Amino acid sequence: MTATTARVLAGPPAAEALLASVAARAARLPTPPTLVMVRLGDDPASVSYVRGKDRKAREVGLRSTVHALPAETSQAELLALIAELNADESVNGILVQLPLPPHVNEEAVLHAIDPRKDVDGFHPVNVGELWAGRPTLTPCTPAGIMFLLSHYGLPVARQRAVIVGRSHIVGRPMAALLLNADATVTVAHSRTVDLAAVTREADLLVAAVGRPHLITPDMVKPGATVIDVGINRVLGPDRRAHLTGDVHPDVAGVAGALTPVPGGVGPMTIAQLLANTVTAAERQPTR
Ligand SMILES: Nc1nc(=O)c2c([nH]1)NC[C@@H]1CN(c3ccc(C(=O)N[C@@H](CCC(=O)O)C(=O)O)cc3)C=[N+]21
């Protein structure tokens with residue numbers, strides 16, 4: 001009987017390493033890179049994420065502004081604000097916090113952002129460049145995961161990577177980044193037949209489905225690296241809400257390395273957003 005426990009891939013030290021380079025690059029520019037975030041309504045998770053990003057931005061020498069608009073803001077009003085921010089040369093990065101209320105067409109909004117200011121990497125021009133192998137501004141969560149893997153010296157090239165989840169925010173861009181880094185990539189999803197047989201092939205398993213504890217120990221190859229992107233709010237035995245991932249805690253007994261939730265991928269997402277803001281600023285003409 002050999003009880004092993006996975007190496008913990010803590011987000012904060014890797015995020016701090018990325019933020020140190022963000023701060024150094026920001027300091028080399030003639031004016032501080034400027035991020036503008038827009039959120040509609042007051043969903044508590046959105047309020048808290050945007051606040052966290054705003055605070056970190058200032059810590060590393062960026063300028064950050066938040067437009068907190070009423071939930072009833074019309075799509076036309078939101079598009080008018082985006083047009084203004086696109087035209088404003090003092091703005092380097094624009095982020096519209098998702099999800100948007102049901103009366104606003106998310107696609108219409110994301111397509112309206114100038115691709116050069118699209119620090120989320122969600123505009124079709126940036127999606128296309130990523131899939132063409134010419135990444136420019138790449139989605140923050142997957143790009144942050146790539147940084148985390150390299151920070152901890154974990155190999156990607158030649159690895160069999162399985163991503164569970166095909167969202168536009170995580171699963172799909174994660175597949176593109178891993179493919180660009182010479183992994184052999186499989187994207188599994190809710191319709192995949194015999195999911196466990198697919199995930200057991202993975203040297204690198206990325207769980208991004210939003211279903212608490214979907215990934216159980218029997219689904220993991222011994223020694224695999226497991227990245228948990230799930231941020232699920234569940235009620236604990238004490239009936240208090242807490243965060244849990246898509247990966248069952250017992251996976252730590254099988255995996256070689258595992259990201260915790262919270263304190264894993266989340267902090268990387270924020271650091272990468274600020275890295276993207278500096279990248280956008282570096283590429284925009286100076287005034
Ligand atoms: N336009 C847009 N871009 C986004 O990048 C975006 C978005 N909309 N909408 C929502 C999701 C979610 N997201 C997270 C960022 C940080 C943490 C994070 O820092 N999590 C902490 C814990 C946070 C907590 O305690 O609630 C952690 O995992 O340690 C989580 C989730 C960005 N998103």
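In the nomenclature of an unreviewed UniProt entry, the chain corresponds to Bifunctional protein FolD from the organism Deinococcus aetherius. Its UniProt record gives the chain a comment under Function (unreviewed entry), which states: "Catalyzes the oxidation of 5,10-methylenetetrahydrofolate to 5,10-methenyltetrahydrofolate and then the hydrolysis of 5,10-methenyltetrahydrofolate to 10-formyltetrahydrofolate." Its UniProt record gives the chain a comment under Pathway (unreviewed entry), which states: "One-carbon metabolism; tetrahydrofolate interconversion."

Moving on, we come to the packing of helix 6 (residues 140–151) against helix 7 (residues 171–180). Contact geometry for helix 6 and helix 7: axes closest at 8 Å, N-to-C directions at 40°. Compared by their axis directions, helix 6 and helix 7 come out oblique. Considering only the axes of helix 6 and helix 7, their crossing is right-handed. Contacts between helix 6 and helix 7 involve P142, A143, I145 and M146 on the former and, on the latter, P173, M174 and L177. Of the residues that constitute the contact of helix 6 with helix 7, the class distribution is seven nonpolar, no polar and no charged.

Among the nonpolar cores identified, the biggest contains 79 residues, and V206, A207 and L274 are the most heavily contacted of them. Here this core gathers at least three residues from each of two domains, domain 1 (30–117) and domain 2 (139–265). Contact partners of V206, with chain neighbours within four places excluded, come to I145, A161, I163, V164, M174, I227 and V229.

Moving on, we come to helix 2 (residues 44–59). Look at helix 2: 23 Å from first C-alpha to last across 16 residues, which is about the 22 Å you get at 1.5 Å a residue. Within two residues after helix 2, G61 carries a phi angle of roughly 90°, on the positive side.

Across a regular strand the side chains alternate sides, sitting on one face of the sheet and then on the other. With burial as the criterion, each face of strand 4 (residues 93–96) is covered, one bearing G93 and L95 and the other bearing I94 and V96. Examined bridge by bridge, strand 2 (residues 34–40) and strand 4 share four bridges and lie parallel to one another. Counterpart to M37 in the pairing with strand 4 is L95.

With that out of the way, let us pick up helix 7. For helix 7, a buried count of eight out of ten residues is recorded, marking the element as mostly surrounded by other parts of the structure. Along helix 7, the positions that sit buried rather than exposed are G171, R172, P173, M174, A175, A176, L177 and L178. Where the residues of helix 7 are buried, they touch helix 5 (124–131), helix 6, strand 5 (160–164), strand 6 (184–188) and strand 7 (204–207). Just beyond helix 7, the residue with positive phi is D182, at close to 70°.

UniProt marks residues 139–284 with the feature "domain: Tetrahydrofolate dehydrogenase/cyclohydrolase NAD(P)-binding" (unreviewed entry), using the numbering shown here. For residues 139–284, helix accounts for 32% and strand for 19%, while the C-alpha atoms at its two ends are 19 Å apart.

In this section: the site of the ligand. Close to the ligand lie 18 residues, the nearest being L98, P262, G263, G266 and T269. Elements represented by at least two residues in the shell around the ligand include exactly helix 2, strand 4 and helix 9 (265–283). Here the shell around the ligand gets four residues from one element, more than from any other, and that element is helix 9. Counted by class, the shell around the ligand contains eleven nonpolar, six polar and one charged residues. Looking at which domains feed residues into the shell around the ligand, each of domain 1 (30–117) and domain 2 (139–265) supplies at least three.

What follows concerns the sheet that holds strand 11 (residues 257–258). With parallel pairing, the six strands of this open sheet are ordered in space as 1-11-8-7-5-6. Two strands lie at the open edges of the sheet, namely strand 1 (7–8) and strand 6, each paired on one side alone. Bridge count for strand 5 against strand 6 is five bridges, and the pairing is parallel. Among the inter-strand pairings, A161 is bridged to a residue of strand 6, identified as V185. Strand contacts of helix 7: strand 5, strand 6 and strand 7, with the helix running at about 170° to strand 6, the strand carrying the most contacts.

Partitioning the chain into structural domains gives domain 1 (30–117) and domain 2 (139–265). Taking only C-alpha atoms, the centre of domain 1 and the centre of domain 2 are 28 Å apart.

Assignment of secondary structure puts V36 in strand 2. V36 sits in the buried class, given 24 other C-beta atoms within 10 Å. Between the C-alpha atom of V36 and that of A24, which follows or precedes it by twelve residues, the distance is 21 Å. With sequence-adjacent residues up to four places away left out, V36 is seen in contact with T65, H67, L85, V91, G93 and I94.

Right, let's get into the sheet that holds strand 4. Across the sheet, three strands lie side by side as 3-2-4; this open sheet has parallel pairing. Strand pairing shows two members of the sheet lacking a second neighbour, strand 3 (63–69) and strand 4, which therefore form its edges. For this sheet the average axis-to-axis angle between neighbouring strands, irrespective of direction, equals 15°.

What counts and how
Residues numbered from 1 in each chain as written. Predicted model: local features only at pLDDT ≥ 70, side-chain atom pairs only at ≥ 80, totals over all residues. UniProt positions renumbered as here; feature names shortened; annotations may be inferred. Axes fitted to C-alpha atoms, helices over the stretch in contact; angles between N-to-C directions. Helix = DSSP H or I, 4+ residues; strand = E, 2+ residues; numbered from the N terminus. Parallel < 35°, antiparallel > 145°, perpendicular 65-115°, else oblique. Left-handed = near helix turned anticlockwise from the far one by under 90°. Contact = placed C-beta atoms within 7 Å. Nonpolar A, V, L, I, M, F, W, Y, C, P; charged D, E, K, R; others polar. Core = buried A, V, L, I, M, F, W, Y, C linked by C-beta atoms within 7 Å. Buried ≥ 20, exposed ≤ 12 C-beta atoms within 10 Å, placed from the backbone. Domains from an automatic or database assignment. Expected span 1.5 Å × (residues − 1). Pairing = 2+ DSSP bridges. Near = placed C-beta within 6 Å.

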